[in-house]
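Report on the structure
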Amino acid sequence: MSSARSLKNASPSRVFVSNADGRVRSARFSRSSPFSAARKNLNEKKALVRTAAVSKKSSASPSRQLSSRRLELEREKESAERELKALFDEKKPPPPASAVAQLRNKISSLEVKQKELEENAVQEMKVNELKKLQKASEALQKAVMSKSTKKGSKLNAEDVGKMADAVEDENNALREILEIRQEELGRQRETSQIEVLELENQKLHRKLEALLSREKTLLELSHENMKEKITVSDEQVELHLQEIASEEEEATDVVESSESGPPEEDIVAERDDVSLNEVEASSAENQEEEDEEEHITEEDIWGDDDVGEEEEEEVVEVVASNEPQLVEEDVPPIQAFDEGVMDAYLDIHLDEGLKNLVSQYEEGERLRRAELALQIEESNAVSLREYEAFQTDRESYLREREGNTVCTVPPTSAVSGSEVCILLNREKATQLGASINVDDLILQARYNENQIQEHYHIAEEVKTQAGDWLMWKVEIPAHVYDMKYDFFDSSDWYLKNEEHFVLECLTQLSKEQCLAEMKLIHLQKFTKEKERLLAMAPQVSTKGGAPKSFDDDIRSKVQGIRDATMGLYNAAKIDVDDSWYIEGIAEPGKVVTLFYDAAAGHLAGCGNLVLHWGCNAWSTKGFENLFEEEAASGGGSEKGGKAEWHSVSIEIPKHAVVLDFVVSSNGRYDNNLGLDYHFPVDREENLQEFWAKQIEVEIEREGKAIEERAKQEALIKQEKKKEVEVFMAKASEKLVKRQQEIVSTDPPAPRAGKSLTLVFNVAASNLPESNSIEVAISFNRGSHPLKCSRTQMKRTEDGLFEVALPTPSDAYMMDVKFYGSYDSLDDHAGFGYHIPLEKSKVPESPQHIVHVAVEMAPVAKVGGLGDVVTSIGRAVQDMGNIVEVVLPKYDTINYDKVKGFHEIESFDWGGCTNRVFTGLVEDVQVYFIQPGNGFFDIGMIYGADWEDFPMMDSERFGFFSKAALEFMLQSGRQPDIIHCHDWSAALVAKSYWDDYNQYGLPHSSIVFTIHNMGYGQDLIAQAMQFSQKATTVSPTYAQEIVHEGPIQHSQHKFHGIRNGIDIEIWNASDDKHLPMGYDSSNSEEGKARAKRSLKDYVNLKNVDVPLVGIVSRLTLQKGVELMEHAIWTALDRGCQVVVLGSAFDEEMTQRWNEIELSLRHQHHDMARLIFAYNEPLSHLIYGGCDMILVPSMFEPCGLTQLIAMRYGTIPIVRHTGGLRDTVFDIDFDQERAKAQGIETNGFAFEGNDTGGMDYALHRAIDAWYNDKAFWNSLVSRVMDQDWSWSEPALTYLALYYAAK
């Protein structure tokens, strides 16, 4: 490729050429030139100082002024620090707070001035350095142009080299000056920012040296190709340098404008046909401009950007003809801004108000830590003296304090992490009385504003002549900042000092750091408790619902087998049947031959006889053997004709006491009229001893089986966890991208303690277009003490708004919200915008969430509420948070699904004793409350209103709601969030604020979720009023109900968050109810096999037609009329239909029974309706159907369509509630799906008429019949979509933070 073409294809940069009129004008040339790349990097550095104005030179030396001012500030600071230290002299009384504050403010102000002084010095140094470099470059150009007019002048490579050496000598001098300045600054530098700027200057010089080298190379190569050679001597170059220096001293003021961006550097490129006169004229004009240097504008300094296209093309050709083609490797890469350069740039542009706020905070923290270090040192010394005095002479020590009720060693304050002795004067504690058992007396300590609660028992009794004292030794945790304590005993005797006894705790950690450490320790304890529950022996349920151990269950099971077996054993010894007999010794491990006479029973004349057998009352079964027909009749008697004897040999199991069998032939059975056949086995040992050993054998065998199952489950769980992590990562990335469309930072991954530029795109926000935007900034989700008031942002050329600010070193999150015209607000719909900060001194602490609900899957499930509680709890827990659930202990609890179930405590409240049990449900820790009033021992979860019970459901669940809060209070829990679900737990919200917030649970916020507006609207309205945040289960459902009475006055805190499904439970790849596992890669084969199994299960004809499924409650809400119409429509189109449903209304039940009867007569092998709860069948329907129909009249969220898509079944839905939020029509919802970041996935219709539904149904059926390739791709597509709890869980976690 030619040089000219190479330049035309390259990105344009600036060059200078001479016009016919002799003026030097700007044009464009290839950015591939090494010269332009170096100049571009230089201009980036210039951009850091373009806004600085060079002040007039004073008669005094600037360096002397700088040193003098620096010394003056240092002396003032040292004087203030001496005064501050003098205030804390041990011999003086404590200083007034105002005096201390005044001195601290003075020191802080002086440090800010010092910092500004050093920054100005560095900026001045940069400006001077760049100016001198520019002068050197101009001198070289002027020397070349002035001598080029002399005829016959010649410039060779040696001359150019000398000129470049001269310029380099000049720069060496500059570098020596720079080193002197840097050495001067280095003596005073105290901040890391100045050090970073020093490193930046060093990098700048290295790149400037590379620039000079490239200039030299360019000049050598350019002049070698010139037809007219010119010569410039070293003396002439030196003369021009002196002239420029002289002109600089005469100039008094140069102002550089900052309105436009940094221009490209000027490069002189001579054309072959440019006359020497034109060059001379250009030089003369440039000299005239230099004479007016006091009035130079930015355009004069940086060049004119206004160049026409024709001129650009002309110059490209000129440069191409004179400039050699260079390969990319010849050009050293110019690095982008590194971290130090970025920090320096940001420091220049920081908002002064924000900069001062953060600086003052950081300085205040530094002083606080310094003072605390002194206090801790003093406290340790005092503690040592006090302990020595106490241990040396307790009698004297306590006599001095005999008038006190309580005394501590040390007396006034203690260091966190140290031990303190607390003594109670028994004689002064008159509430005690002589009858109190001191062994029951407990010191209850509360740390960090009651967020940690610990109990301590008495260490010893100290008897002195001054009185009897009770002593506790308390190890104060290392992460506490305050301590309150009281005394109480098992008889509810309580001693406290007005509110509480108080001991000051000293720690160098900030309050926020203490709370973060506390939460992390809580999380560790919480995790260990879960591990302990998992390691406990498995629990099983008994008939009465009480738990018992695994060993007890095995013993009970073996006992039942023994009783049944021994009954058969004794009967078999007496009963005689001539239709069969055995040959051989019936002993364990021996082979015997069984003869069977088919003619004696129901199998006369049948062939292919099969023996089905087992032992010990069928406790062991599953054996099958094929009979052989005997040629001659065997022994035994005949019944009504010739005997038909068949024989088979079997080996008797070693643990058999009785052998059990039946005989079949082609589906017909002889089971001895329902009694089965049995014969005893002769055993040598005593049968009582055998059964005792059998218990141990069964325990060992079952234990190994459980262990093996646990290993397999762990492997499967690990694989599922990986999938969840992938979905979680994608969901997190999706939410981050959405936020970055509105709010972003530079750098993209900011660090705590560093500066950043915050950028706001008002066009993408919900604010109106505005020329003025303010931002309010806080940190650590509002918990950080630094709050920045509303700050004006600067508008950029591209319509964005930005502000540069520093961040505190102990901030892990920056929180922002924006204000536009007319005080309009964008705070991300109440969630706020949050930007993580890396490498913070303080970690983000986990949240502690307690769910209060009356349902939880799978132990106490009625509807979708139970699924949500389990799934959202586990999803948020998996993100590193503490999640607990409080649930009523129904007598219908399925304890097989609870790991480590056991009773832990009880509390008296509500007129009865409330027992508390705990265990893990789906890896979430659950606390079951069983009140003594029997509210939850009625054999059901809901339904007391319709039964003959002396209580209503509202009474039962109201009692439970308050009991859950009482349990939290009495167990010492201090959750961040109490999340109550639906009307049945709505009373939690009001009860918390009325009875618990001011009485021991001060740190919680209430989140309330509406699962269905159809019940308990009065309770829902009350919960909406008293909750801090409220949600429902999908965005569209939230819009549908937001104006209803219970919600209309609380719209500002009401959000719709879509439900998800538990992808570990609903997973086609390892679903045990499917004939084979499958995913999107083999969905065609997997669904074909599931379809065949489903048809076999419900006895449908095996034909290749679309199979439409319905899994639903048969109620008006679910659109039963549309369902009925769709069934007949699908059958008319040749489809098959399977319905799994349940009706609770008598009239509805009768109607669907009639439909089932009609379908059975007209389409017996094409449609099947099943009215029952059948979990395995539901899985087969989701896996085996091609389409799933969900025509609900209203649907808060809906799980059916989500599960169906997980199994590759295409949904046909009515657009309402959560159905609209999850199903995007193939033909009409492309844009809406794109906005959500997914692809279309189903068929939908609006309205509630049959015409709309027919349109959607027919489109789906047509797609199946007409384009199987598209249909299969659609199946794979929906299987890969994420409808898990990943994204909803992230949203809920953000909501929990926003509720605080």
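So, the overall build of the chain
On a plain count of helices and strands, the chain comes out with 31 helices and 47 strands. Sorting the 1300 residues of the chain into buried and exposed places 49% on the buried side. Within the chain, counting contacts between residues at least 6 apart in sequence, those at least 24 apart form 71% of the total.

Describing empty space enclosed by the protein
For the structure shown, the criterion picks out six cavities of 30 Å³ or more. Approximately 170 Å³ is the volume attributed to the largest cavity. Elements with a minimum of two residues in the lining of the largest cavity: α16 (687–740) and α17 (864–878). With four residues, α17 is the largest single contributor of residues to the lining of the largest cavity. Class assignment of the residues belonging to the lining of the largest cavity gives a composition of six nonpolar, three polar and four charged.

A word on the packing of aromatic side chains
In this description, an aromatic ring pair is defined by two values, namely the gap between the centres and the angle between the planes. According to the stated counting rule, one finds 35 aromatic pairs in the structure shown. Centroid distance Trp 613 to Phe 623: 4.4 Å. Interplanar angle 25°. Geometry classified as stacked. Here Trp 613, found in strand β17 (residues 610–615), pairs with Phe 623, found in strand β18 (residues 620–626); they are ten residues apart in sequence, far enough to count as distant. Put simply, the rings of Tyr 890, Phe 936, Tyr 942, Phe 957, Phe 960 and Trp 983 pair up and form one aromatic cluster. Positioned over the ring face of Tyr 927 is Arg 973, at 4.4 Å from the centre of the ring.

Remarks on helix α31 (residues 1286–1299)
The terminal C-alpha atoms of α31, which comprises 14 residues, lie 20 Å apart, in line with the 20 Å expected from a rise of 1.5 Å per residue. Of all 14 residues in α31, eleven are buried; the element is thus mostly enclosed. Among all positions in α31, only Ser 1286, Glu 1287, Pro 1288, Ala 1289, Leu 1290, Tyr 1292, Leu 1293, Leu 1295, Tyr 1296, Tyr 1297 and Ala 1299 are buried.

Focus: the nonpolar core
The biggest cluster of nonpolar side chains holds 82 residues, and the ones touching the most others in it are Phe 928 and Phe 1054. The element contributing the most residues to this core is helix α18 (residues 953–970), with eight residues. The contact partners of Phe 928, leaving out residues within four places of it in the chain, are Leu 887, Pro 888, Lys 889, Ile 893, Val 898, Phe 901, Arg 915, Val 916, Phe 917, Thr 918, Gly 919 and Val 921. Counting 74 residues, the second largest nonpolar core, distinct from the first, contains Trp 1066, Ala 1126, Val 1139 and Ile 1226.

Let's talk about the packing of helix α22 (residues 1083–1098) against helix α30 (residues 1268–1280)
At a minimum axis distance of 10 Å, the contact between α22 and α30 shows a crossing angle of 95°. Considering the angle they form, α22 stands roughly perpendicular to α30. Here Ser 1083, Glu 1084 and Lys 1087 of α22 come into contact with α30, specifically with Asn 1272, Val 1275, Ser 1276 and Met 1279. Each residue belonging to the contact of α22 with α30 can be placed in one class, and the counts come to two nonpolar, three polar and two charged.

Regarding the side chain of Glu 698
Structurally, Glu 698 can be placed in helix α16. At 2.8 Å, the side chain of Glu 698 forms a polar contact with the side chain of Arg 701. Setting aside its immediate chain neighbours within four residues, Glu 698 contacts Ile 554 and Val 558.

Description of the confidence of the model for the chain
When pLDDT is averaged along the chain, the result is 80; 73% of the residues meet or exceed 70. Long-range and interchain partners of residues 1–42, a stretch whose pLDDT sits below 50, account for 125 contacts in this model, where long-range means more than four residues apart.

Observations regarding the sheet that holds strand β37 (residues 924–931)
The nine strands are arranged β35-β36-β37-β34-β33-β38-β39-β40-β41 in an open sheet whose pairing can be described as mixed. With one partner strand each, in any of the chains shown, β35 (899–909) and β41 (1054–1056) form the two edges of the open sheet. Direction aside, the axes of adjacent strands within the sheet are offset by 25° on average. Bridge count between strand β33 (residues 848–852) and strand β34 (residues 882–888): five bridges; the pairing is parallel. Of the residues in β34, the one forming a bridge with His 851 is Val 885. Relative to β35, α18 is tilted by about 95°, and along the sheet it contacts β33, β34, β35, β36 (912–921), β37 and β38 (977–981).

Some thoughts on the sheet that holds strand β43 (residues 1136–1142)
Spatial ordering of the open sheet is given by β44-β43-β42-β45-β46-β47, a layout of six strands whose pairing is parallel. This sheet does not close on itself; its edge strands, each paired only once, are β44 (1167–1171) and β47 (1243–1245). Strand-to-strand twist across the sheet, computed as the mean angle between neighbouring axes with direction ignored, equals 15°.

Structural notes on the pattern of salt bridges
Inspection of every chain in the model, using the stated rule, returns 53 salt bridges. Among the ionic pairs, Lys 590 bridges to Glu 587, the shortest N-O distance being 3.3 Å. Residue Glu 587 is classed as partly exposed on the basis of its relative accessible area of 27%. The partner of Glu 769 in a salt bridge is Arg 795, and the shortest N-O contact between them spans 3.2 Å. Here Glu 769 is found in the loop between β25 (755–760) and β26 (774–779), whereas its partner Arg 795 is found in strand β28 (residues 794–795), with 26 residues between them in sequence. Judged by relative accessible area, Arg 795 falls into the partly exposed class, the value being 39%. Ionic contacts of the salt-bridge type, sharing partners, join the residues Glu 698, Arg 701, Glu 702 and Arg 709 into one network.

Considerations on the environment of Ile 1203
By secondary structure assignment, the location of Ile 1203 is in helix α26 (residues 1200–1206). Along the primary structure Ile 1203 and Tyr 1182 are separated by 21 residues, whereas in three dimensions their C-alpha atoms are 7.1 Å apart. Excluding residues within four positions of it along the chain, Ile 1203 makes contact with Ile 1061, Trp 1066 and Tyr 1182.

Quick notes on α22
Between its first and last C-alpha, α22 extends 22 Å over 16 residues, near the 22 Å set by a 1.5 Å rise per residue. When α22 is considered as a whole, its buried residues turn out to be Ser 1083, Gly 1086, Lys 1087, Ala 1090, Lys 1091, Leu 1094, Lys 1095 and Val 1098. For α22, the buried positions fall inside an angular range of 165° around the axis, keeping them on one side. Where α22 terminates, the next one or two residues include Asn 1099, which has phi positive at roughly 60°.

As for the pairing of strand β45 (residues 1187–1190)
The alternating pattern of β45 places Met 1187 and Leu 1189 and Ile 1188 and Val 1190 on opposite faces, both of which are buried. Direction of pairing for strand β42 (residues 1107–1113) relative to β45: parallel, over a ladder of two bridges. Along β45, the bridge assignment pairs Gly 1109 with Ile 1188. Taken together, the four bridges between β45 and strand β46 (residues 1210–1214) define a ladder with parallel strand orientation. If you follow Leu 1189 over to β46, its bridge partner there is Ile 1212.

Description of the pairing of β42
With six of its seven residues buried, β42 lies for the most part within the structure. The parallel pair β42 and β43 is bridged by helix α23 (residues 1120–1132), and the resulting crossover is right-handed.

Details of unusual backbone geometry
Here the residue pair Val 409 and Pro 410 is connected by a cis peptide bond, since its omega of 5° sits within 30 degrees of zero. At the junction of Ala 857 and Pro 858, the peptide bond is cis and its omega measures out at 0° in the coordinates. Residue placement: Pro 858 occurs in the loop between β33 and α17. Not every positive phi belongs to a glycine, and Asn 448 is a case in point at roughly 50°. By the secondary structure assignment, Asn 448 is in the loop between β6 (442–447) and β7 (452–457). You can call Asn 448 buried: its relative accessible area is 0%. One non-glycine residue, Ala 829, lies in the positive phi region at around 55°.

Calculation criteria
- Sequence order as written defines the numbering, with residues in each chain counted from 1.
- Restriction of local features to residues with pLDDT of at least 70 applies here, the model being predicted, together with a cutoff of 80 or more for giving and counting side-chain atom pairs; totals for whole chains, interfaces and linings are based on all residues.
- Side-chain metrics in this entry use all non-hydrogen atoms of the structure; hydrogen atoms and water are not considered.
- Secondary structure is summarised from DSSP: a helix means a run of H or I of at least four residues, a strand means a run of E of at least two, and numbering begins at the N terminus for each.
- Buried means the residue's accessible area, taken with a 1.4 Å probe over protein chains only, is under 20% of the maximum for its type, while exposed means over 50%, and partly exposed covers the values in between.
- Note on contacts: a residue pair qualifies if any of its non-hydrogen atoms lie within 4.5 Å across the two residues.
- Throughout, the protein atoms alone are placed on a 1 Å grid, and a set of points is a cavity if a 1.4 Å probe fits but cannot get out or a pocket if it is open with protein on both sides within 12 Å along at least five of seven lines; lining residues have an atom within 4 Å of a point.
- Grid points are joined across faces, edges and corners, and a volume is the space filled by probe spheres set on the points.
- Classes in brief: Ala, Val, Leu, Ile, Met, Phe, Trp, Tyr, Cys and Pro nonpolar; Asp, Glu, Lys and Arg charged; the others, Gly included, polar.
- Pairs were defined over the aromatic rings of Phe, Tyr and Trp, the Trp ring being its six-membered one, requiring ring centres within 6.5 Å. Orientation was assigned from the angle between planes: stacked under 30 degrees, edge-to-face over 60, tilted for the rest.
- Charge over a ring is defined by NZ of Lys or CZ of Arg lying within 6 Å of the ring centre and within 35 degrees of the ring normal.
- Expected helix span is taken as 1.5 Å per residue step, with the number of steps being one fewer than the number of residues.
- We call a set of buried residues a nonpolar core when its members are Ala, Val, Leu, Ile, Met, Phe, Trp, Tyr or Cys and they connect through side-chain atoms within 4.5 Å of each other.
- Think of each axis as a best-fit line through the C-alpha atoms, taken over the contacting stretch in the case of a helix, with angles from 0 to 180 degrees between the N-to-C directions.
- Note on angle classes: values under 35 degrees are labelled roughly parallel, values over 145 roughly antiparallel, values of 65 to 115 roughly perpendicular, and the remainder oblique.
- Any N or O atom pair separated by 3.5 Å or less is treated as a polar contact, with the protein-specific requirement of one donor-capable and one acceptor-capable atom, and with residues adjacent in sequence counted only for side-chain atom pairs.
- Scored from 0 to 100, pLDDT reflects the predictor's confidence in each residue.
- Here, any two strands with at least 2 DSSP bridges between them count as paired.
- A carboxyl oxygen of Asp or Glu within 4 Å of a side-chain nitrogen of Lys or Arg is what we treat as a salt bridge.
- Directions are taken from the helix axis to each C-beta atom, and the arc is the one they span.
- The definition of a right-handed crossover adopted here requires that, viewed with the strands pointing away, the path from the first strand over the helix to the second runs clockwise.

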